[in-house]
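# Breakdown of the fold
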Amino acid sequence: MKKLFFSIVTAMSVMMFCACTNDDLVTNDEGDDYVSVRFYVSGINISQTVTRANTLQDAFSKLDLVLYKANDDGSYTKYKECTQESSSSSFGVINLENVKCGTYKLVVLGHNDSDHPDMDDPTEIAFSRYVDLYGHTADITISKTTANNVEVPFVHKSAKIAFDFNGYIPDEVQKIQFTIDGASNVYNAITGYAAATSSRTAAVNVSPEQRTNGKITTFTYTFLTQDAVTEDNSYVNMTIAGLDATNNVIDPKTYNKVPLKIGYTTTFSGVFFDYSNVSFSFSVNSDWGDLGTVTL
């Protein structure tokens with residue numbers, strides 16, 4: 001497995017500018033202890049099957065960090081929040097000011113969604129797309145007497161599904177449609193798994209170049225309700241079909257109990273539209289979870 005090494009060069013005296021908010025849930029009583037806390041991304045996993053990532057910005061474009069206070073009823077209340085874009089010169093390093101000493105639930109996410117998700121409830125974080133998510137959740141204690149530099153070791157939080165079609169593509173097929181039963185784009189940061197599952201349908205256009213070369217490659221991501229699902233217990237079913245110019249379905253095929261694992265790629269590969277000799281398979285790529293290092 002390949003290791004990637006990332007370097008983020010930041011001056012300790014430079015303060016990161018980001019959209020930080022304090023919900024004023026804690027009153028600043030006289031005599032209370034408040035400190036500054038520095039969070040830094042220390043490691044991420046990056047897929048080598050899509051593109052080689054040389055910087056943290058290549059892995060994801062958005063960071064979301066929230067400190068929560070745990071309530072007696074098991075719920076969580078957002079205390080401080082900070083978001084960051086990859087365009088920031090200190091991307092991957094977050095400084096929070098005036099944090100009251102105490103114990104918190106820390107949630108940090110890295111992703112490429114079109115916007116930052118609503119983080120009010122850490123058990124139900126909905127993304128607009130099916131994202132390649134990196135994350136870290138931990139209980140942390142902030143105090144006046146300890147060094148408040150918090151390491152954030154990012155790891156994959158989603159499973160990847162890749163498609164590699166070869167062979168003849170009929171002229172009437174204008175799109176390839178994918179329907180996934182059991183997909184999820186809603187994340188529970190407390191458990192590290194999907195908060196809910198549903199059905200997702202998406203279609204990709206067939207380009208003239210793909211038709212000429214007889215090759216279509218694409219991919220998507222999903223959260224899982226557990227670390228892995230096997231061919232025996234998987235709840236994920238996939239239907240793949242061609243669509244004509246008026247979106248009529250052509251030659252649909254369904255694959256039940258698709259095996260998936262967080263941090264791994266399940267690849268559908270083979271000849272799909274060869275009606276005389278249909279050949280199709282899926283496999284799990286165990287090399288996707290290589291851990292890189294961010295050196296500060």
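## Brief notes about unusual backbone geometry
Of note, the phi angle at Asn98 is positive, near 55°, even though the residue is not glycine. Backbone geometry places Asn247, a non-glycine residue, at a positive phi of 65°. For Asn247, the location among the structural elements is in the loop between strand S19 (237-243) and strand S20 (249-255).

## Regarding the pairing of S20
Taken together, the 5 bridges between S19 and S20 define a ladder with antiparallel strand orientation. Bridge pairing in S20 links Leu243 to Val249. Remark: 5 residues form the turn of the hairpin made by S19 and S20, two consecutive strands paired antiparallel; Asn247 in that turn has positive phi of roughly 65°.

## Describing the packing of aromatic side chains
Two aromatic rings, taken as a pair, are described by how far apart their centres are and by the angle between their planes. Taken as a whole and assessed by the stated rule, the structure comprises 14 aromatic pairs. Taking the centre distance of 5.3 Å and the plane angle of 45° together, the rings of Tyr187 and Phe223 count as tilted. Highlighted residues: Tyr187 in strand S14 (residues 186-188) and Phe223 in the loop between strand S17 (215-222) and strand S18 (228-229), separated in sequence by 36 residues. For the pair Tyr187 and Phe223, one class covers both residues: buried.

## Concerning the sheet that holds S19
Backbone hydrogen bonds are what pair the strands of a sheet, in a parallel or an antiparallel way. As summarised here, the arrangement of the 4 strands in space is S16-S13-S19-S20, forming an open sheet in which the pairing is antiparallel. Two strands lie at the open edges of the sheet, namely strand S16 (198-205) and S20, each paired on one side alone. Each strand of the sheet is rotated relative to its neighbour by a mean of 15°, with strand direction disregarded.

## What to know about the environment of Ser207
Counting through the fold element by element, Ser207 comes out in the loop between S16 and helix H2 (208-213). By relative accessible area, which is 26% here, Ser207 ends up partly exposed. For the pair Ser207 and Gln174, spaced 33 residues apart in sequence, the C-alpha to C-alpha distance is 8.1 Å.

## A closer look at the environment of Ser88
Along the chain, Ser88 turns up in the loop between strand S5 (76-85) and strand S6 (93-100). On the basis of relative accessible area, Ser88 is assigned to the buried category, the value being 16%. Taking the C-alpha atoms as reference points, Ser88 and Ser61, separated by 27 residues in sequence, lie 9.9 Å from one another. Of note is the side chain of Ser88, whose polar atom sits 3.3 Å from the side chain of Gln84.

What counts, and where the lines are drawn
- Residues numbered from 1 in each chain as written.
- Predicted model: local features only at pLDDT ≥ 70, side-chain atom pairs only at ≥ 80, totals over all residues.
- Heavy atoms only, no water.
- Helix = DSSP H or I, 4+ residues; strand = E, 2+ residues; numbered from the N terminus.
- Pairing = 2+ DSSP bridges.
- Phe/Tyr/Trp six-rings, centres within 6.5 Å; stacked < 30°, edge-to-face > 60°.
- Buried < 20%, exposed > 50% of the residue type's maximum accessible area, 1.4 Å probe, protein only.
- Axes fitted to C-alpha atoms, helices over the stretch in contact; angles between N-to-C directions.
- Polar contact = N/O pair within 3.5 Å; in protein donor to acceptor, adjacent residues only side chain to side chain.

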